[in-house]
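Observations on the three-dimensional arrangement
Single-letter residue listing:
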Amino acid sequence: DRPTEPIFIGKGDENVSFDVPAEYLTDRYKPLASDIQNRFSGGKTISITKLDRIPDLSFPLSLPRDAAFSLFIPYHSKMASKLIEIFMDTKSFDELLSLAVYCRDRINPYMFIYALSVVVTHRPDTRNLELPSHVEMFPSLYMDATVFGRAREESTVVQTGSRTPIEIPHDYSANDLDFEHRISYFREDIGINLHHWHWHLVYPFEGPMSIVNKDRRGELFYYMHQQIIARYNMERLSNDMNRVVRLTNWRDPILEGYFPKLDNILANRVWPPRPVNARLSNINREVEQISFDIEDLERWRDRIFNAIHSGFIINTAGQQVRLTETDGINILGNLIEASVLSLNQNLYGSLHNNGHNAISFIHDPDNRFLENYGVMGDSATAMRDPIFYRWHAYIDDIFQEFKATIPSYNVQNLSFENVRVQSVEISATGIPRNEFSTFWQQSDVDLSRGLDFLPRGSVFARFTHLQHAPFNYKITVENNGNQRVGTVRIFIAPRFDERGLPFLFREQRKLFVELDKFSVTLKRGRNDITRRSIESSVTIPHDVTYRNLDRNRPSGNSEAAAAFNFCGCGWPQNMLIPKGSSEGFQCQLFVMISNGANDQVITKKRLNHIQLCVNPRVLIFTIFNRSKQVENAQADGQTCDNASSYCGIRNARYPDARSMGYPFDRTPRDGVVTLQQFLTPNMAVQDVRIRFTNRTVAPLQNRTGTQQVQTPKTT
Ligand code: CUO
């Protein structure tokens, strides 16, 4: 009399059922239980322990299952936070699994998955689990809606093994009549959007303090988004576009429109578009319990600028808290976002989050048309919209305003005594020295985990993304002191502005994009350092971004499967280098070696941290599948440190004691006008070019977990 509920896993044709306590079934499924069991029996069965007491879920249950859930809406994020707390409070893995099964058919699925993902990635007994990629669980958030009709046809009519991937055309959301469309390959890149979703999963702004309160979280909010803007601007300049214009006047019409072409399968709606010249207005939507005026945004903005210029903020007790050189940026990051760590939300509000809300509800500010939020309302989709960058350029400018109030780095802050960087060059097979080669590449992603129709089995979508040929850095360093540890910091920036004039340092510094950062031991005398592009501290490898994309990937409980699946936060390796241009976009590669003794962080292991995700139809199986491995895993075995520059390190403090963005995060010292004048002997600059070839490389058939990219022949 214990009916079995089917749960599919996406890989192959396996299916797994849960032996669910009868009391757990919802009223709708109770009468159907044995029928369902008959239809799906034959796979593995997993027994679920019945809990004696189900905790009070009434608050998270108050969101309808088919409502659109947005973390930017405080009412929703508080519900998710409550659910996270309830999951975190379960005493054992079995209890968590049981409660998750109970919730699965009751709680709003998007909230359920978000909350469980946060929990799974932060609990010591689950955080080593392998979870499916978000794009496989919710493919509709990441690609053109027409793909799914075609996938349905393919998977219904054609047998597994004979199916051909469904190609997503390059120009599915607009054409070149829209000027901004030139750069849609960046905005709509699946890996970039996955990174953003993961970042916000690792750094939620609401939730239990044990999860939210991570080392330098506010500062990382500033830095990771600053780097997005720097990267976007470099991408724009390489496409002959101007740098993004800040969204400053919130009463003017917004020039950029965006029509996402995405389905919102969970809410059974299409994602609302935003026509050109839409205007922001006061928001008052009872259903999401959200209301604020444009004037509120302006008031918060003015108070924040006031605080920056006075050098302190006022906390809730009415006391002044100084915005110091070391902590000021972290305080401001949390205050402007705003996270629950904001020292005074009454006074400074929630500028950034409500900017997202004002934009995402621009088409229906009072809910008279019963429309959901637009793509700006979800971290998985926000980066598709050109307005994201205008908004974040504005937010970044506030942080820059603060950075201009703290002391500039003097020569001593930048130098490393007796260390001289003599040269830096980059090289790649078959490509001229100091040139990067970029081109298009196709990749496949398995849609079957996120589709709920039969028959099962993989069905792939094939998308085209930017790629570059892997390259090496060669750095020659002279150390005239004793053996020491240094930190190598590598950045790249464009040389010329929109008018073709060389950048002045005060502008160029904001465009420096971090490419890598790592420690080296410098012996006395000459040191030749070689570093591969795929080792970058800002990126994760291609196959980690797309996870199960590899058809030949190791599976099961093997160590190999575990090692390549953990850490989903990280800039996608394929987007490390901007597109450049066919003439060769001219850039400057910058290398600095700073004194490792000053950069080091005393690492205390923390109990909380990290990422991941899950789909109602997939997740629970996945947890179970890995439970054995969890028992055997060392508690802190995996550090997830391969993209630490933008994502931090799991269970540890941010690995660099310097201000994030060092040495470019501050205005230059007196007398420095050009990059050359900024340099100290432990730095070097090399002119480089990024040459784009308009060719498309076919998907790799045999992936092994590391990136293998062929270089196309130049025509
Ligand atoms: Cu990442 Cu505005 O913070 O989207």
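- The protein chain carries the name Tyrosinase copper-binding domain-containing protein in an unreviewed UniProt entry, which gives Aphis glycines as its organism.
- The UniProt entry for the protein chain carries the following text under Sequence similarities (unreviewed entry): "Belongs to the tyrosinase family."
- Taken directly from UniProt, the Cofactor (unreviewed entry) text for the protein chain runs: "Cu(2+)".

Overview of the confidence of the model for the protein chain
- Put simply, the protein chain has an average pLDDT of 85, and 84% of its residues get 70 or more.
- Low pLDDT, under 50, characterises residues 1-13; the stretch is placed with 50 contacts to residues that sit more than four places away or in other chains.
- Across residues 548-566, confidence stays below pLDDT 50; counting only partners more than four residues off in sequence or on other chains, it has 34 contacts.
- Overall fold confidence for the complex sits at a pTM of 0.89, while the interface term, ipTM, reaches 0.99.

Description of the nonpolar core
- Formed by 169 residues in total, the largest nonpolar core has its most connected members in Leu83, Phe87, Met111, Ala115, Ala461, Phe491 and Val591.
- No other element matches helix H11 (residues 217-238), which puts 11 residues into this core.
- Excluding residues that lie within four positions of it along the chain, Val591 makes contacts with Val421, Val424, Ile475, Val488, Ile490, Met683 and Ala684.

Quick look at the pairing of strand S21 (residues 683-697)
- Pairing analysis gives 6 bridges linking strand S12 (residues 435-446) to S21, with the strands arranged parallel. Residue pairing in the sheet places Phe436 in a bridge with Ile690 of S21.
- Taken together, the 8 bridges between strand S20 (residues 585-595) and S21 define a ladder with antiparallel strand orientation. Residue pairing across strands places Val591 opposite Ala684, the latter belonging to S21.

The rules we used
- Residues numbered from 1 in each chain as written.
- Predicted model: local features only at pLDDT ≥ 70, side-chain atom pairs only at ≥ 80, totals over all residues.
- UniProt positions renumbered as here; feature names shortened; annotations may be inferred.
- pLDDT = per-residue confidence, 0-100.
- Contact = placed C-beta atoms within 7 Å.
- Core = buried A, V, L, I, M, F, W, Y, C linked by C-beta atoms within 7 Å.
- Buried ≥ 20, exposed ≤ 12 C-beta atoms within 10 Å, placed from the backbone.
- Helix = DSSP H or I, 4+ residues; strand = E, 2+ residues; numbered from the N terminus.
- Pairing = 2+ DSSP bridges.

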